[in-house]
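Inside the fold
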Amino acid sequence: MIRRNRKPSSCEPCRIAKVRCDHAAPICQRCQTRAIGNLCYYHPAPLTRVRDKQVRARRARQRGNQLGNRDETKDAELTEHHGKGLSPSSLSATARTPGSDTSQFLGSTSYLAALKEHPLSVLPSSPSSRCLQDEFEHWRTDHAYTFARLIRLVSAAAFHYEQIAWYYERGRFTIIPAPLILGPLAVLKEYVQVESWDGISNWESLHKAISAASAIPLLVDTTTTLDDFRMMVSGKRLRWEFVGLMLALAGISVQGRYPSHHVLELRNGEQMDVETFTKDMVLACNACLELCSRYGQANDVVVWMRYMHIFLGTEVLGETSGRVYRLFGDLVSSIYAMGLHHNEDKNIPFYLSETRRRILAVTHRTDKNIATLLGRPPRLPHHYCAVELPRDLADETLFLDHKCIEMALLTLDKEGWNTAGRFYPATVIRMRQILSVLREQVLDLSLGCRGETGRGDRLLYTSLSLWLPISDLYLVRFAYQRCRDTWEKIPEQFRYRPECWETMGAVDCLARVIVHCEYLLSVFQLHRIRCQDSMNGIKDLLDTSTKILSVIVDLTRRCQRHEVRKQLPWITIVKCLIYVIPAAGVLVSEIHRHTLSNRALPSSMPRSEIIRTLSFVISWFQTSELPSTSSSTACMELITLISRLLDNSLDYQPVLAHSNVSAPVIAGNGEGSAATGNIPGLQQGTNFDGVSDAMTLDSGARLDANLGLELASEDFLSWLDDLDLDLVTPDWIFFGE
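Small disclaimer: the values here were computed from a predicted structure and weren't measured.

Re the overall build of the protein
Helix and strand counts for the protein stand at 27 helices and six strands. Here the protein holds 737 residues, and 53% of them are scored as buried. A fraction of 72% describes how many contacts in the protein between residues 6 or more apart in sequence connect residues 24 or more apart. Split by element, the accessible area of the protein, about 33900 Å² in all, is 52% carbon and sulfur.

Structure, rendered in structure tokens:
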């Protein structure tokens with residue numbers, strides 16, 4: 001490794017002993033002579049100060065005490081807020097909002113944006129991320145433990161092979177073609193059995209052998225066959241990047257296959273539950289990344305390992321984890337360093353070229369998901385990527401001979417889709433990549449800089465590659481037309497329809513649901529842009545939010561088949577923060593706002609149906625056995641907030657107006673508080689000192705201060721007859737203007 005002053009770094013034992021190091025990798029000659037080769041490593045930041053563990057433990061206890069009082073504080077604020085009949089904006093200025101106690105920036109498209117005006121004290125916690133800080137530090141500093149632990153985990157290759165084979169057999173969302181993973185894994189499993197790895201007595205020699213193989217550049221060309229590739233990364237030439245890739249895939253598979261309390265038998269003498277295993281895989285894969293960084297190499301397997309490590313880290317540490325965010329930046333840097341975003345390398349085999357297309361597509365899509373979730377700018381813009389979509393071919397087809405591949409390419413249509421209607425992993429990648437390009441354009445409108453003249457002078461990057469100032473009306477029309485055109489790029493047979501559950505497999509339907517939700521999310525963000533300027537688009541925003549929740553509700557109701565039922569909580573948690581929370585947050589916020597202002601909810605779906613949909617989503621999350629991950633914890637905290645806001649809206653009783661009214665005001669779309677038996681239109685504890693003893697309707701019917709409406713009076717019945725209630729229910733019957 002090279003320091004900033006362009007001089008080579010010394011290994012840690014030589015640096016600490018203040019002796020000259022020969023800078024040999026992976027182990028210098030002096031450490032070999034002193035028989036401390038297991039302690040020889042090159043620290044990427046040797047002068048970094050390690051924080052005292054007692055200080056970290058004390059601060060962790062303080063954070064735990066603060067979190068313990070959080071729910072009581074929120075309940076007290078909401079109780080006081082409801083008792084006074086005040087809007088959220090009238091709360092004390094000392095009430096905290098999301099992000100007020102954290103340095104992490106969350107933008108306008110983030111999962112908390114729709115709820116930021118309501119009394120949420122702190123951001124959802126990430127307990128797993130905090131409790132792993134000490135473990136990350138331990139793995140980073142105690143090299144003897146780290147190296148021995150990695151070798152011990154590699155000795156369970158047979159267990160890892162079984163789990164990853166199940167993942168590829170059941171999955172529709174695989175990225176790396178199965179032969180590139182299962183082939184080297186089979187070689188490694190056989191090698192471990194033949195060599196009788198115990199991972200205890202001979203870990204030092206095994207670590208040295210793997211490090212020596214990892215220091216050799218991984219070179220491929222057009223003549224590199226699948227068998228050649230297997231032997232280059234596995235067996236006697238096992239590399240740390242493939243070890244990390246194997247461990248990350250094993251963690252992903254185990255988390256989707258078993259409940260968190262299930263005990264695993266690793267076949268190397270170890271037993272651990274699923275939650276512990278997945279955390280161990282995150283730590284081990286992170287250690288493999290640090291080992292690979294010593295050699296400064298960037299190859300395809302390193303990129304694969306980085307992506308899968310991020311995938312698993314998202315589940316264990318949470319989608320909003322700062323560590324995951326930084327890891328994704330490293331992945332993008334590796335892609336740029338290898339030139340995967342540029343014109344394709346012609347000197348590589350066909351299967352590797354297609355795999356690079358796939359990994360670039362999924363990284364681009366993940367970049368847009370993270371940008372949307374956190375409200376931060378994307379880091380892999382599409383206009384810098386000159387690579388086409390991956391071809392819609394089966395994984396096995398990529399490894400055929402040249403003649404068979406040419407014949408397979410002829411079966412594709414002019415856009416690259418398979419004409420047989422088969423649903424391959426590449427099919428899902430293509431669909432989601434097309435929609436991620438659309439999402440990037442929407443993010444550009446949501447997060448991009450705007451001029452001083454206001455939103456009316458927004459700039460849109462048009463197909464003519466010119467920045468043109470345009471009006472908001474034209475902008476919206478252009479954006480909606482772009483959405484429709486993008487959706488039309490996906491063949492009809494691959495789109496989601498509710499009736500597909502009756503004719504297709506559950507996994508195929510699940511893939512279609514996720515793609516459909518990603519399209520609706522782009523439309524949802526467009527409507528939010530409109531509502532930032534004016535509330536003219538609130539009806540479309542509410543309708544789109546309802547569609548998103550309806551699709552999720554349909555998924556939970558229909559997806560009861562055995563092959564998906566076990567994975568449903570895991571899959572739903574993965575998509576909850578990015579789909580469910582924003583849509584539900586908008587709906588419950590608008591219901592709350594319109595209830596306080598005593599106005600009708602401007603939506604196509606009846607208010608009662610929206611409330612039933614929200615109630616179903618809330619009850620599903622509260623009654624389901626969710627995985628023990630940071631993501632599920634964050635989702636439950638936000639679902640609890642949404643539930644409280646919905647209850648607050650339903651329990652709210654508006655104060656009567658101090659002037660004559662043309663009709664009785666019926667709160668909550670005509671629904672009173674069933675739990676308390678209160679009369680609709682009357683708030684408990686209302687002070688009537690400033691209200692006259694009686695008010696008179698236009699018809700002459702009297703309404704006194706205690707809502708003593710003369711319902712049986714002749715004047716009131718005549719007034720009802722004039723309303724023509726047998727024809728069309730008027731808008732004011734739900735919320736009086």
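Further notes follow.
Side note on the packing of helix 13 (residues 274-293) against helix 14 (residues 300-317)
Relative orientation of the contacting elements helix 13 and helix 14 amounts to 145 degrees, with a least axis distance of 10 Å. Relative to helix 14, helix 13 is oriented so that their crossing is left-handed. Touching Thr 278, Lys 279, Met 281, Val 282, Cys 285, Asn 286, Cys 288, Leu 289 and Cys 292 of helix 13 are Met 305, Arg 306, His 309, Leu 312, Gly 313 and Val 316, all from helix 14. Within the contact of helix 13 with helix 14, the residues separate by chemical class into nine nonpolar, four polar and two charged.

Things to note about the packing of aromatic side chains
Under the criterion given, the structure shown has nine aromatic pairs. Ring centres 5.6 Å apart and planes at 90 degrees place the aromatic pair Tyr 167 and Tyr 168 in the edge-to-face group. Ring geometry for Phe 423 versus Phe 494: centroids 5.7 Å apart, planes at 50 degrees, classification tilted. Placement of Phe 423 in the loop between helix 17 (402-410) and helix 18 (425-447) and of Phe 494 in the loop between helix 19 (472-488) and helix 20 (500-503) is noted, with a sequence separation of 71 residues between them. There is no split in this pair, since Phe 423 and Phe 494 are both buried.

Looking at the environment of Cys 28
Inspection of the secondary structure assignment puts Cys 28 in the loop between helix 1 (12-17) and helix 2 (29-33). Separated by 13 residues in the primary sequence, Cys 28 and Tyr 41 have C-alpha atoms spaced 8.7 Å apart. Not counting chain neighbours up to four residues away, the residues in contact with Cys 28 comprise Cys 11, Cys 14, Cys 21, Asp 22, Cys 40 and Tyr 42.

Notes on the side chain of Thr 397
As for its position among the elements, Thr 397 is in the loop between helix 16 (350-374) and helix 17. Residues contacting Thr 397, with those up to four places away along its chain left out, are Ile 405 and Ala 408.

Digging into the state of the cysteines
Overall, the coordinates contain zero disulfides when judged by the stated rule. Cys 285 forms no disulfide, and the closest cysteine sulfur to it belongs to Cys 288, at a distance of 6.1 Å. The thiol sulfur of Cys 500 is not disulfide-bonded, and the nearest other cysteine sulfur, from Cys 509, lies at 3.4 Å. On the basis of relative accessibility, which here comes to 1%, the residue Cys 500 falls in the buried class.

Here's the deal with unusual backbone geometry
For residues besides glycine, phi is generally negative; the peptide bonds are generally trans as well. Residues other than glycine seldom take positive phi values, yet Lys 18 does so here, at roughly 60 degrees. By the element assignment, Lys 18 lies in the loop between helix 1 and helix 2. When its relative accessible area of 75% is taken as the criterion, Lys 18 is described as exposed. Of note in this structure, His 23 is not a glycine but carries a positive phi near 65 degrees. Looking at the secondary structure, you find His 23 in the loop between helix 1 and helix 2. A relative accessible area of 32% means that His 23 is categorised as partly exposed.

Some details on the environment of Glu 275
Assignment of secondary structure puts Glu 275 in helix 13. Classification of Glu 275 as partly exposed rests on a relative accessible area of 27%. When the C-alpha positions of Glu 275 and Ser 260 are compared, they lie 5.2 Å apart, and in sequence the two are 15 residues distant.

A word on the environment of Leu 520
In this fold, Leu 520 is placed in helix 21 (residues 506-533). Given the relative accessible area of 7%, Leu 520 is considered buried. Through-space distance from the C-alpha of Leu 520 to that of Cys 483 is 9.5 Å; in sequence the pair is 37 residues apart. If we ignore the near neighbours within four places in the chain, the residues touching Leu 520 are Thr 544, Lys 547, Ile 548 and Val 551.

Considering helix 10 (residues 203-214)
The end-to-end C-alpha distance of helix 10 is 16 Å, a good match for the 16 Å that 12 residues give at a rise of 1.5 Å each. Among all positions of helix 10, only Trp 203, Leu 206, His 207, Ile 210, Ser 211, Ala 213 and Ser 214 are buried. Down the axis of helix 10, the buried set is contained in an arc of 160 degrees. They therefore lie on one face. Looking at the packing, one finds that the buried side of helix 10 touches helix 7 (143-154) and helix 12 (240-257).

Conventions adopted
Residues numbered from 1 in each chain as written. Predicted model: local features only at pLDDT ≥ 70, side-chain atom pairs only at ≥ 80, totals over all residues. Heavy atoms only, no water. Helix = DSSP H or I, 4+ residues; strand = E, 2+ residues; numbered from the N terminus. Buried < 20%, exposed > 50% of the residue type's maximum accessible area, 1.4 Å probe, protein only. Contact = heavy atoms within 4.5 Å. Areas by Shrake-Rupley, 256 points an atom, 1.4 Å probe, with all protein chains shown as cover. Axes fitted to C-alpha atoms, helices over the stretch in contact; angles between N-to-C directions. Left-handed = near helix turned anticlockwise from the far one by under 90°. Nonpolar A, V, L, I, M, F, W, Y, C, P; charged D, E, K, R; others polar. Phe/Tyr/Trp six-rings, centres within 6.5 Å; stacked < 30°, edge-to-face > 60°. Disulfide = S-S within 2.5 Å. Expected span 1.5 Å × (residues − 1). Arc of directions from axis to C-beta.

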